[in-house]
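Observations on chain architecture
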Amino acid sequence: MGCLGNFLWFICGGFFSGLGWAIAGCLWCITIIGAPVGVQCFKFAALSFFPFGKNVIYGGGTVSLLCNIIWLIVSGIPMAICSAIMGVLCCITIIGIPFGKQHFKLAKLALMPFGAIVM
């Protein structure tokens with residue numbers, strides 16, 4: 001299911017989503033201050049291209065917690081809500097449930113990207 005799911009995901013919008021995140025990551029990494037946000041954008045890009053078969057491991061310390069709080073206020077909540085809505089819409093049909101689960105994975109990562117590792 002992972003290979004077929006990644007192929008269908010990539011064809012049905014994953015390419016443009018991942019490309020958008022990669023471009024945003026490059027733009028954020030132009031400055032030293034924006035580099036940590038750029039790294040998080042690259043995490044979203046890697047997961048947006050091919051989400052099936054990848055796991056997100058959450059960890060980190062105090063600095064990650066503080067960065068996640070700032071991220072949550074600035075852009076995390078709208079991203080998580082958008083991904084959660086897409087996940088609910090995908091889960092309406094039985095065929096869309098695997099894609100809905102991937103949207104929920106992206107929604108959780110949108111809330112806490114700092115300290116998370118995509119494997």
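Relevant structure appears above.
What this report covers is the structure whose coordinates are included nearby. Numbers given to residues run from 1 along each chain, matching the order in which its sequence is written. Thresholds applied to this predicted model are a pLDDT of at least 70 for local features of residues and 80 or more for the giving and counting of side-chain atom pairs; totals over whole chains, interfaces and linings are not thresholded and use all residues. As a convention, hydrogens and water are excluded, and side-chain values are obtained from all of the structure's heavy atoms.

1. Observations concerning the environment of Thr62
Each helix is a run of DSSP H or I of at least 4 residues and each strand a run of E of at least 2, with the numbering of both proceeding from the N terminus. Among the structural elements, Thr62 can be located in helix α3 (residues 62-90). With a 1.4 Å probe rolled over the protein chains alone, any residue whose accessible area is under 20% of its type maximum counts as buried; one over 50% counts as exposed, and the rest are partly exposed. Judged by relative accessible area, Thr62 falls into the exposed class, the value being 58%. Spatially, the C-alpha atom of Thr62 lies 9.8 Å from that of Gly115, the residues being 53 residues apart in sequence.

2. Let's talk about the packing of helix α2 (residues 35-49) against helix α4 (residues 97-111)
With their axes 11 Å apart at the nearest point, α2 and α4 run at an angle of 175° to one another. Regarding the angle of α2 to α4, the classification is roughly antiparallel. Contacts between α2 and α4 involve Phe44, Leu47 and Ser48 from the first element and Lys105, Leu106, Leu109 and Ala110 from the second. When residue character is reported, Ala, Val, Leu, Ile, Met, Phe, Trp, Tyr, Cys and Pro are called nonpolar, Asp, Glu, Lys and Arg charged, and the others, Gly included, polar. The class makeup of the residues in the contact of α2 with α4 is 5 nonpolar, 1 polar and 1 charged. Fitted lines through C-alpha atoms serve as axes, helices being fitted only where they are in contact, and the angles separating the N-to-C directions of these axes extend from 0 to 180 degrees. When describing relative orientation, an angle under 35 degrees is termed roughly parallel and one over 145 degrees roughly antiparallel, while 65 to 115 degrees is termed roughly perpendicular and anything else oblique. Here a residue-residue contact requires only that any non-hydrogen atoms of the pair lie within 4.5 Å.

3. Some words on helix α1 (residues 2-28)
The span you would expect from a helix comes to 1.5 Å times its residue count less one. The end-to-end C-alpha distance of α1 is 31 Å, clearly below the 39 Å that 27 residues give at a rise of 1.5 Å each. By definition, a residue's bend is the angle between the axes fitted to the seven residues ending there and the seven starting there. At Gly13, α1 is bent by approximately 70°, the largest bend along its length. Those residues of α1 that are buried are in contact with α2 and α4.

4. Concerning the packing of α3 against α4
Between two packed helices, what matters for the description is the angle formed by their axes and the separation of those axes. Running from amino to carboxyl end, α3 crosses α4 at an angle of 170°, the nearest separation of the two axes being 7 Å. As far as their axial angle goes, α4 and α3 are roughly antiparallel. Side by side, α3 and α4 meet where Asn68, Trp71, Leu72, Gly76, Met79, Ala80, Ser83, Ala84, Met86, Gly87, Val88 and Cys90 of the first sit next to Ile97, Phe99, Gly100, His103, Phe104, Leu106, Ala107, Ala110 and Leu111 of the second. Looking at the contact of α3 with α4 residue by residue, the classes come out as 15 nonpolar, 6 polar and no charged.

5. Details of the state of the cysteines
The disulfide criterion is simple: two cysteine sulfur atoms within 2.5 Å. Applying the stated criterion across every chain yields a total of 0 disulfides. Left unpaired, Cys91 is separated from the closest cysteine sulfur, that of Cys90, by 6.8 Å.

6. Re the environment of Ala107
Of note, Ala107 is situated in helix α4. Measuring from C-alpha to C-alpha, the distance between Ala107 and Phe52 comes to 15 Å, with 55 residues separating the pair along the chain. The residues contacting Ala107, other than those within four sequence positions of it, are Ala80, Ser83 and Ala84.

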